[in-house]
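Residue-level listing of the chains:
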Amino acid sequence: MTDLKFSELGLSAVLIDALTSKGFEHPTEIQAQTIPRMLSSDCDIVGQAQTGTGKTAAFGLPILEKLEPGADHVQALILTPTRELTIQVSDELHSLKGGKELKITPVYGGQSIEKQIKQLKKKNDIVVGTPGRLIDHLRGKKLDLSQVKYVVLDEADEMLRTGFLEDIETILSQTNPDRRTLLFSATMPKQILNLATSYMKEYETITTKKHPRTLHKQFIAYSNKHPTIIRDIASRQLINRGP
């Protein structure tokens, strides 16, 4: 956490109220660096920060701040590597938007594509999705990205590691060329820098110095014979983490 408060970063009262209701007052380092830059400039951004440092709020809050409700087209697109992260990011944005009437729609494999098509026919301000399912909707002409203002590549290194580079390039080629592109990654391999050079305009680089502290927890279920580890959670989460 930083000594700054979210109320000092230029966010509106409706978003500050949402943060307060979630119990968050102080931004993490990546949030403190990213939010003011996104609100005050139009440059693309490449942000390097570890998982669990609050990247969703870092890019999500200024996007929620900038978007106007009532548009008849998709205004922002967020790409994530997994359906679990797609759901997580979508839920987090829902909780951060407070009373602002913006429609956030997740699309990912494993969910009924017909259900998603039905939703995409309605007004959607922000679409969060995995590359494969987004490609399905683009090929079926069920998703129009020609007017998006923001494109976010979240966990970009993980998307490239799992072989989504070609899909990402296809998706970016169908978005508004005047979009603002934001790329967030825990590491910066050469492929990431090549992607930034090829598909981003002039961009600023944000690198956080501190690595998140991790808290390892195990949930234990006892049977008659021996304890069984149900799952190990929070190994990627901060102690007292921000949003």
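The structure under discussion appears in the preceding block.
In what follows, the accompanying structure is described. (Residues numbered from 1 in each chain as written. Predicted model: local features only at pLDDT ≥ 70, side-chain atom pairs only at ≥ 80, totals over all residues. Heavy atoms only, no water.)

**Here's the deal with the environment of Ile 168**
Which entries qualify depends on this criterion: Elements are defined by DSSP. Helices are runs of H or I of four residues or more, strands are runs of E of two residues or more, and each kind is numbered from the N terminus. With a 1.4 Å probe rolled over the protein chains alone, any residue whose accessible area is under 20% of its type maximum counts as buried; one over 50% counts as exposed, and the rest are partly exposed. We call two residues in contact when some of their heavy atoms are within 4.5 Å.
Structurally, Ile 168 can be placed in helix H8 (residues 165-173). According to the relative accessible area criterion, Ile 168 is buried, its value standing at 1%. As for Ile 168 and Leu 195, which are separated by 27 residues in sequence, their C-alpha atoms are 9.4 Å apart. When sequence neighbours within four positions are dropped, the list of residues in contact with Ile 168 reads Leu 79, Leu 153, Met 159, Leu 160 and Leu 195.

**Considering the environment of Pro 36**
With respect to the secondary-structure elements, Pro 36 resides in helix H2 (residues 29-40). Note: C-alpha distance between Pro 36 and Gly 10 (26 residues apart in sequence) is 6.7 Å.

**A short note on the nonpolar core**
One recurring pattern in soluble globular proteins is that nonpolar side chains are buried together. Test applied: Take the buried Ala, Val, Leu, Ile, Met, Phe, Trp, Tyr and Cys residues and link them wherever side-chain atoms come within 4.5 Å; each set so joined is a nonpolar core.
Core analysis: the largest hydrophobic core is formed by 34 residues, its most contacted members being Leu 11, Phe 59, Leu 61, Ile 63, Ile 126 and Leu 182. A per-element tally of this core places helix H3 (residues 55-66) first, with 6 residues. Membership of the second largest hydrophobic core comes to 27 residues, among which are Val 46, Val 107, Ala 156 and Leu 172.

**Things to note about the packing of H8 against helix H9 (residues 190-199)**
Just so we agree on the cut-off: Between N-to-C directions, angles cover 0 to 180 degrees, with each direction set by a line fitted to C-alpha atoms, over the stretch in contact for helices. Throughout, the term roughly parallel applies to angles under 35 degrees, roughly antiparallel to angles over 145, roughly perpendicular to angles from 65 to 115, and oblique to all others. Crossing handedness follows the turn of the near helix against the far one: under a right angle anticlockwise gives a left-handed crossing, and clockwise gives a right-handed one. Each residue receives one of three labels: charged for Asp, Glu, Lys and Arg, nonpolar for Ala, Val, Leu, Ile, Met, Phe, Trp, Tyr, Cys and Pro, and polar for the others, Gly being one of them.
H9 packs onto H8 with a crossing angle of 15° between their chain directions and a minimal axis gap of 12 Å. With respect to their mutual orientation, H8 and H9 come out roughly parallel. Crossing handedness for the pair H8 and H9: right-handed. Judged by residue contacts, Leu 165, Ile 168, Glu 169 and Leu 172 of H8 engage Gln 191, Leu 195 and Tyr 199 from H9. In terms of residue class, the contact of H8 with H9 is built from 5 nonpolar, 1 polar and 1 charged.

**Topic: the pairing of strand E3 (residues 104-107)**
Counted only if it meets this: We call two strands paired when DSSP finds no fewer than two bridges between them. By definition, the crossover connecting two strands over a helix is right-handed if that path, from the first strand to the second, turns clockwise as seen with the strands pointing away from the viewer.
Sheet topology note: the E3/strand E4 (residues 126-129) ladder contains 4 bridges and is parallel. Pairing of Ile 104 across the sheet is with Ile 126, part of E4. Since E3 and E4 lie parallel, the crossover through helix H5 (residues 113-120) that links them has a hand, and here it is right-handed.

**Describing the environment of Leu 64**
Relative to the helices and strands, Leu 64 resides in helix H3. With a relative accessible area of 0%, Leu 64 lands in the buried category. A sequence separation of 36 residues divides Leu 64 from Lys 100, and the C-alpha atoms of the two residues are 8.2 Å apart. In this structure Leu 64 touches Leu 15, Leu 93, Leu 96, Lys 97, Lys 100, Leu 102 and Ile 126, once residues within four positions along its chain are discounted.

**Structural notes on the side chain of Ser 41**
Within the secondary structure layout, Ser 41 lies in the loop between H2 and strand E1 (44-48). In this structure Ser 41 touches Arg 180 and Glu 204, once residues within four positions along its chain are discounted.

**Looking at the packing of H2 against H3**
Between H2 and H3, the least distance of the axes is 8 Å, while the angle of their chain directions is 25°. The orientation of H2 with respect to H3, classified from their angle, is roughly parallel. Considering only the axes of H2 and H3, their crossing is right-handed. For the pair H2 and H3, contact is made by Ile 30, Gln 31, Thr 34, Ile 35, Met 38 and Leu 39 and by Lys 55, Ala 57, Ala 58, Phe 59, Leu 61, Pro 62, Ile 63, Glu 65 and Lys 66, respectively. Grouping the amino acids of the contact of H2 with H3 by side-chain chemistry returns 10 nonpolar, 2 polar and 3 charged.

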